[in-house]
Amino acid sequence: GGGAGGSGAAEVAREAGRQRAREAAGRAAAQPETAPPFGAAWAQRLKRCRVCEPCTRKRGEACEGDFDEAGEPMLPEGVSVGDACLAETVQAGERKRLKGVLLSARKTSPHLLVKFVGTERGEPFTSLSAPGLKSSYLTRREVAAWVAPPEGRGGAAAGPRAANSDEYKLRERR
């Protein structure tokens, strides 16, 4: 009595579950496979190159003119491995130019490994001016030859030295 009726209801429920599974499989087969999953379009946009904004290459792919005829990565004019350079990087959400040393070049983009050694004016880093990363891979467009700033800065920027400078202290003692 009661056992036979229970198994019949269970069989109906199993069959309804199978039917729902077949319908879901049919819907999945009817959708084109080329439709990207949710968020894939945004993921592709995020992978785009951050330097060549209008180009369509993805990050990690080389731009035209990144390699010479021998297939080696091209270096910026006036820069060779081991030389000081001016490198543009992101620091605290802002694009900053820092003095760096070109350590190496590789075939994978971004090509140039630069170690940051000072500020744009060539001054050593302080605890506040130091970048979050000591070195970074950069593209050829983010690296330029280092040109030392002139010694005398002239104008309002070259105001009197601070009262606590060593030079001031030495003059006071004499």
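Calculation criteria
- Residues numbered from 1 in each chain as written.
- Predicted model: local features only at pLDDT ≥ 70, side-chain atom pairs only at ≥ 80, totals over all residues.
- Heavy atoms only, no water.
- Helix = DSSP H or I, 4+ residues; strand = E, 2+ residues; numbered from the N terminus.
- Buried < 20%, exposed > 50% of the residue type's maximum accessible area, 1.4 Å probe, protein only.
- Polar contact = N/O pair within 3.5 Å; in protein donor to acceptor, adjacent residues only side chain to side chain.
- Contact = heavy atoms within 4.5 Å.

Caption draft 1: Focus on the overall build of the protein. Scanning the protein from N- to C-terminus turns up three helices and five strands. Sequence-ordered secondary structure for the protein, helices as α and strands as β, is α-α-β-β-β-β-β-α. In the protein, which comprises 174 residues, the share counted as buried stands at 18%.

Caption draft 2: Highlighting unusual backbone geometry. Of note, the bond from Ser109 into Pro110 is cis; its omega dihedral lies within 30 degrees of zero at -5 degrees. Note that Pro110 resides in the loop between strand 2 (94-105) and strand 3 (112-118). A positive phi angle is found at Ala92, which is not glycine, with a value near 55 degrees. One can find Ala92 in the loop between strand 1 (84-91) and strand 2. A residue is classified by how much of its surface remains accessible, and Ala92, at 81% relative accessible area, is exposed.

Caption draft 3: Spotlight on the side chain of Gln91. As for its placement among the helices and strands, Gln91 is situated in strand 1. By relative accessible area, Gln91 is classed as buried at 13%. Among the polar contacts made by the side chain of Gln91, one reaches the main-chain carbonyl oxygen of Ser129 at a distance of 3.1 Å. Residues within four places of Gln91 in sequence aside, it is in contact with Lys96, Leu98, Ser129, Ala130 and Pro131.

Taken by themselves, the reported measurements are silent on function.
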